[in-house]
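What follows is each chain in one-letter form.
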Amino acid sequence: MSEHVEWSEPEGPVPAATAAVTPADAADAARLVSFGLQPKLQPARDQEYADLLRRYREDPPFARLADAVATGLGLIVLEVSPRAGMAVTAAEDSVFAVRMGDYARRTSADGGDRFLHGLAHLAVAAMAFPRPEDLADDGYIGRVTVNGVDAFVRQACRRLEERAAEQGENTDPATDTPGLEAAWRIWVRRSATGATKDARRLAGSTTGIVAKAVAFLTESGFLQRTGDDNGGTYRTTARYQLQVRDMAGSAAMAELLELGVVPVTDGTPTLLPAEESDDLELVADAGLPFHSS
């Protein structure tokens with residue numbers, strides 16, 4: 001005797017089986033992230049890099065895998081594109097994070113000089129992308145010079161001193177006073193060049209500090225050197241635009257831009273007329289592209 005069995009229709013579509021992630025997929029995803037950690041490497045000059053970028057854009061599961069690898073390494077993916085490659089930045093707790101204190105120690109700088117190095121990085125970022133629309137425009141290329149950045153900071157220092165004097169504040173704090181506010185004033189006291197007997201620029205001079213900053217940014221793939229005029233001329237890269245875009249909300253960056261930076265194309269500095277503003281504070285150790293200690 002046979003028994004009749006009624007088969008019910010499934011209530012919804014049966015999901016397709018998800019292909020298992022293979023060790024080869026994981027290796028390719030890690031390889032792509034490793035390319036992203038080589039900021040000077042250009043996809044247009046490396047076929048494997050270009051192929052992995054194409055796979056990232058066309059294969060969503062692979063893209064999620066690569067993102068997961070980056071996250072596991074404490075990295076934040078800013079953009080994945082032919083122009084920038086796999087642009088990543090380190091989260092604060094990442095082993096790849098660079099901190100202002102670590103950077104300053106490479107320069108044998110004392111505590112006060114660490115603020116000056118942070119200020120140099122802020123000034124380079126502000127001059128490179130002085131307007132919000134510059135950061136938003138993927139085709140925008142900023143240009144800075146070593147002497148131009150130094151001159152710009154000195155103009156900003158004078159503006160801040162004038163503002164402090166108008167408000168009746170102490171305009172001559174002790175050199176070792178903590179905070180970036182002191183750094184603005186220390187910068188003015190420091191020699192711009194301080195050349196040695198053989199005309200070499202002293203590392204502790206303000207142009208020496210700016211030169212160290214732009215050299216670091218060049219080594220990191222954020223700037224490209226274009227000439228030797230005005231202490232060295234540089235242009236920005238897509239990676240630097242993404243980096244500054246990611247960090248543009250810092251209070252110190254806002255304070256510097258609040259002074260008014262005229263858009264420039266040749267790396268020379270100019271400040272717009274001062275505008276009335278409410279109380280603004282600078283954040284200690286907020287030097288791009290570093291994390292606070």
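Right above here is the structure, for reference.
As a starting point, this report considers the structure included with it. (Residues numbered from 1 in each chain as written. Predicted model: local features only at pLDDT ≥ 70, side-chain atom pairs only at ≥ 80, totals over all residues. Heavy atoms only, no water.)

Considering all chains together, one arrives at 10 salt bridges under this definition. Of the charged contacts in the structure, one is a salt bridge between R55 and D25, with a shortest N-O distance of 2.7 Å. With a gap of 30 residues between them, R55 in helix α2 (residues 47-58) and D25 in helix α1 (residues 23-36) connect regions that are remote in the sequence. Here D51 and R54 are joined by a salt bridge, their closest N and O atoms 2.9 Å apart. Here D51 pairs with R54, and both are found in helix α2, just three residues apart, close to one helical turn. Shared partners join several salt bridges into a network, and the residues in it are D25, D28, R55 and D59. (Salt bridge = Lys/Arg side-chain N within 4 Å of Asp/Glu carboxyl O. Helix = DSSP H or I, 4+ residues; strand = E, 2+ residues; numbered from the N terminus.)

So, about the nonpolar core. In terms of nonpolar packing, the biggest core is built from 32 residues, with V124, V149, W187 and Y240 touching the most fellow members. When residues of this core are traced back to their parent elements, those giving at least two are α5 (111-128), α7 (146-166), α8 (180-189), α9 (206-219) and α10 (238-247). Considering every element that reaches this core, the biggest residue donor is α5, with nine residues. Residue contacts for W187: discarding those within four places in its chain leaves L116, L119, A120, D150, V153, R154, C157, T206, I209 and V210. In this structure, V33, F62, M86 and A90 belong to the second largest nonpolar core, which totals 19 residues. (Core = buried A, V, L, I, M, F, W, Y, C linked by side-chain atoms within 4.5 Å. Buried < 20%, exposed > 50% of the residue type's maximum accessible area, 1.4 Å probe, protein only. Contact = heavy atoms within 4.5 Å.)

To continue, consider empty space enclosed by the protein. Rolled over the atoms, a probe sized like a water molecule indicates the empty space that remains. All chains considered together, the criterion is met by one cavity of 30 Å³ or more. Of the pockets and cavities examined, the largest cavity occupies roughly 30 Å³. Every residue along the wall of the largest cavity is listed here: L78, A87, V88, F222, R239, L242 and Q243. Of all the secondary-structure elements, those providing two or more residues to the lining of the largest cavity are β2 (85-90) and α10. Looking at the lining of the largest cavity element by element, the count peaks at three residues for α10. Along the lines of polarity and charge, the residues of the lining of the largest cavity split into five nonpolar, one polar and one charged. (1 Å grid on protein atoms, 1.4 Å probe; cavity = no way out; pocket = protein on both sides within 12 Å on 5 of 7 lines; lining within 4 Å. Points joined across faces, edges and corners; volume = space filled by probe spheres on them. Nonpolar A, V, L, I, M, F, W, Y, C, P; charged D, E, K, R; others polar.)

By themselves these figures say nothing about function.
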